[in-house]
Amino acid sequence: MALAHNLGFPRIGRDRELKKALEAYWKGELDEAGLRAVGRGLRAAHWQVQKSAGIELLPVGDFAWYDQVLTHSLTFGVIPERFHKHGGKPTLDTLFAMARGVSNHSCCRGAHAQEMTKWFDSNYHYLVPEFTADQQFALSWEQLFEEVEEARVLGHNVKPVIIGPLTYLWLGKAKGAEFDRLDLLERLLPVYGEILQRLATQGIEWVQIDEPILALDLPQAWKNAFERAYNLLQKEPGKKLIATYFSGLDDNLGLAAALPVDGLHIDLVRAPEQFPAILDRLPAYKVLSLGVVNGRNVWRTDLEKALDVLQQAHERLGSRLWVAPSCSLLHSPVDLSREDQLDAELKSWLAFAVQKCQEVAVLARALREPQAAEVQAALAVSRAVQAGRAASPRIHKPQVQARLAAVTAQYSQRQSPFAERIAKQRALLKLPVFPTTTIGSFPQTSAIRLARQSFKSGKLSAAEYTEAMYSEIRHSVDVQEKLGLDVLVHGEAERNDMVEYFAEQLDGYAFTRFGWVQSYGSRCVKPAVIVGDLSRPKPMTVSWIEYAQRCTDKLMKGMLTGPVTMLMWSFPRDDISREQQARQLALAIRDEVVDLEAAGIKVIQIDEAAFREGLPLRRAGWQHYLDWATEAFRLTASGVRDETQIHTHMCYSEFNDVIESIAAMDADVITIETSRSDMELLRAFEAFDYPNEIGPGVYDIHSPRVPDSNEMAQLLRKAAQWVPAERLWVNPDCGLKTRAWPETEAALVNMVAAARQLRSELA
Ligand code: GLN
Ligand code: ZN
């Protein structure tokens, strides 16, 4: 019988109970017993809700106090020395110290947190394991076994979920002396052996071992290591299901299919094309788990389409076929039934984690009892939803489509090449060399947040709110004038979030109340949902920027979020491509760019903070993505005269791979993060001659530390080795909204001084 199982369930709780409990614990308002009770309650509730939905084999080990990779580091004893406690075993506070760092107490024993980075191409962040050359591994954390026991007592049929040894090593970083972390495999495997043995004694039949790196381009040594590792683990007890997701197995398909384990899970949502090949390559003894329900999005599954694939597999595999979501449901919101303010039509189109479990269950049931009334009813609803979406005027807007169809190549081409534009811009803008600017936002004070809340709840009238924001704008303009900055910003006080602010004003977006997804630790995000064709009914920022410009004779920079970032930080549609959605967004934001220009704004920044994270996991997909992403940016930016200066901003520093596409975006100025890497990033500019102007961030806004002006001047001198001085701008690494005013002003005073210093050296 085809089995319905789940790879992982969100841990935060449908009301973000875990977030609230963690934050209370960190503040000292909840004790450890209280925190543990919340965790236990959530696990019990999550198993129950999955079981009630019809999931037959429940995941255990998907719960984490902060992050599942961090839990594994504790489990394996991969605890950097700075967190070692005298003698004792690691505790919950060790775990939180590794996640969040510990500040300097009475003396100097501060320990910085482990580094955090994105989990594959998702918006979830994990804590990067730190390995040393002499790394030892020892079973050091009992959480998994305790949770298995907890589930057993509750009478559940569970499947522990662990991250596989190769993925775990891949995700980590070698610290100290250089070495190959693959060399650690032989030392790590015995701990996996121990875990599998312990689980067997607990009566566990199946263990899910996540090896998502099988869906990446792997070096040959890592491919070979897979065979070695699993040949060894084969001897350990328990049936093993290797889970892969987020991309196709492609060149690793043969390897994955042949590993000496009992089952394989593949993601058929992201990579449907691997389906026929896997059927041919799978050994006759193995279970195949097909991920047919999208774990990364919020849309209801087209059950008939999924069933069609499952039926083909079922004919070949019979009970060796399992049905699952594409990946862990960690990446989808918890429970749609919690949404009390969504209109019925939209709600009928969506599915969150609980509903996705129901979909998996009904699909598995449809294979066994195709005629069951429940199955027939679910299929009928699904059919109606698909038909409704396909025909809905809420989704399909002829005007948007007609406009897109009329777009010619010229739309994404500035009128003249950069060399001509910059000459005109210099004549008009009359900026000094080493012009100074900031990235857009100024401190989001509690007064600003309060004003926004009061406006939303009706306590503040529109006029009062506008005046409150105007006063914030005046304040930030005053400060910038006093500091002597050259290109000013309005400060973004009116924006809660750089994507949501625009999404709320575009036609085609929808918003949930409880669609939270864990981002890291206790932090959650609630992405807006792209429902239909996108357009801009009216100007979104013009009145704020105009007001700001009226407050000063200096140049005021317009501030927008670009199409790729809008798309990456939203839940996209699943009925048209990402590329098409980016083009719609591009046209909508282009209208704003043109309106800003018409309002007299001469410098306009279009942020593309998420440009790089849209890169597909597999290199083979890169060029296509870079082409359309670049094109979408150009489409946004190219409606203006040569004299109007277009800036873009990207706040990270891995550019080497994509520098040519960044250049192809053809922004007149790009500001990027560089201070933390000591300008080393600009070395990429040795090999590739970036043609336009560039503002390498001269100080790190992530820290309250105020660097002195010599430090910043030194960074600028270094930058000038790689980029001609006349093309350099002076700015911080990113926006200042998370900082407080005193440190912001102190840092900017020094930044302006550094720019003046460099100007004098040039003279
Ligand atoms: N303009 C935005 C700001 O200054 C940019 C934020 C970002 O790049 N993440 O806050
Ligand atoms: Zn940034």
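You'll find the structure just up there.
Quantities reported herein were computed from a predicted structural model and do not represent experimental measurements.

1. Some points on the pairing of strand β11 (residues 287–293)
Working step 1: Of all seven residues making up β11, seven are buried, and the element is well covered by its neighbours.
Working step 2: As defined by bridge partners, strand β10 (residues 263–267) adjoins β11 across five bridges and the pair is classed as parallel. Across the sheet, residue Leu264 finds its bridge partner in β11, namely Leu288.
Working step 3: Crossover β10 to β11 through helix α10 (residues 275–281) is right-handed.
Working step 4: For β11 and strand β12 (residues 321–325), the ladder comprises five bridges, and the chain directions are parallel. Looking at β12, one finds that Ser289 is bridged to Trp322.

2. Points about the pattern of salt bridges
Side chains carrying opposite charge are able to pair once their charged atoms draw close together.
Working step 1: A full pass over the atoms with the stated rule returns 54 salt bridges.
Working step 2: One salt bridge connects Glu23 with Lys19, and the closest N-O pair in it is separated by 3.2 Å. Of this pair, Glu23 and Lys19 are both found in helix α1 (residues 17–27), four residues apart, which corresponds to roughly one turn of the helix.
Working step 3: For Glu23, a relative accessible area of 27% corresponds to the partly exposed category.
Working step 4: One network of salt bridges, in which partners are shared, links Asp217, Lys223, Asp250, Asp251 and Arg618.

3. Overview of the site of ligand 1
Working step 1: In the region of ligand 1, the neighbouring residues are Ile439, Gly440, Ser441, Glu492, Met498, Met559, Asp607, Ala609, His649, Cys651, Cys734 and Gly735.
Working step 2: Ser441 is positioned such that a nitrogen or oxygen atom in its side chain is 2.7 Å from an oxygen atom of ligand 1.
Working step 3: Here Glu492 contributes a side-chain N or O atom positioned 2.8 Å from a nitrogen atom of ligand 1.
Working step 4: When ligand 1 is considered free in solution it has 300 Å² of accessible area, and contact with the protein chains removes 90% of it.
Working step 5: Its residues placed into classes, the shell around ligand 1 shows six nonpolar, four polar and two charged.

4. A short note on the sheet that holds strand β2 (residues 58–60)
Working step 1: Read across the open sheet, the eight strands follow the order β1-β12-β11-β10-β9-β8-β6-β2; overall the sheet is parallel. The open sheet has two edge strands, β1 (3–4) and β2, and neither has a second partner.
Working step 2: Sheet topology note: the β2/strand β6 (residues 158–163) ladder contains three bridges and is parallel. Within β6, the residue paired with Pro59 across the bridge is Lys159.

Definitions and limits used
- Residues numbered from 1 in each chain as written.
- Chains lettered and ligands numbered in written order.
- Predicted model: local features only at pLDDT ≥ 70, side-chain atom pairs only at ≥ 80, totals over all residues.
- Heavy atoms only, no water.
- Buried < 20%, exposed > 50% of the residue type's maximum accessible area, 1.4 Å probe, protein only.
- Helix = DSSP H or I, 4+ residues; strand = E, 2+ residues; numbered from the N terminus.
- Pairing = 2+ DSSP bridges.
- Right-handed = clockwise from strand over helix to strand, strands pointing away.
- Salt bridge = Lys/Arg side-chain N within 4 Å of Asp/Glu carboxyl O.
- Near = heavy atom within 4 Å.
- Polar contact = N/O pair within 3.5 Å; in protein donor to acceptor, adjacent residues only side chain to side chain.
- Areas by Shrake-Rupley, 256 points an atom, 1.4 Å probe, with all protein chains shown as cover.
- Nonpolar A, V, L, I, M, F, W, Y, C, P; charged D, E, K, R; others polar.

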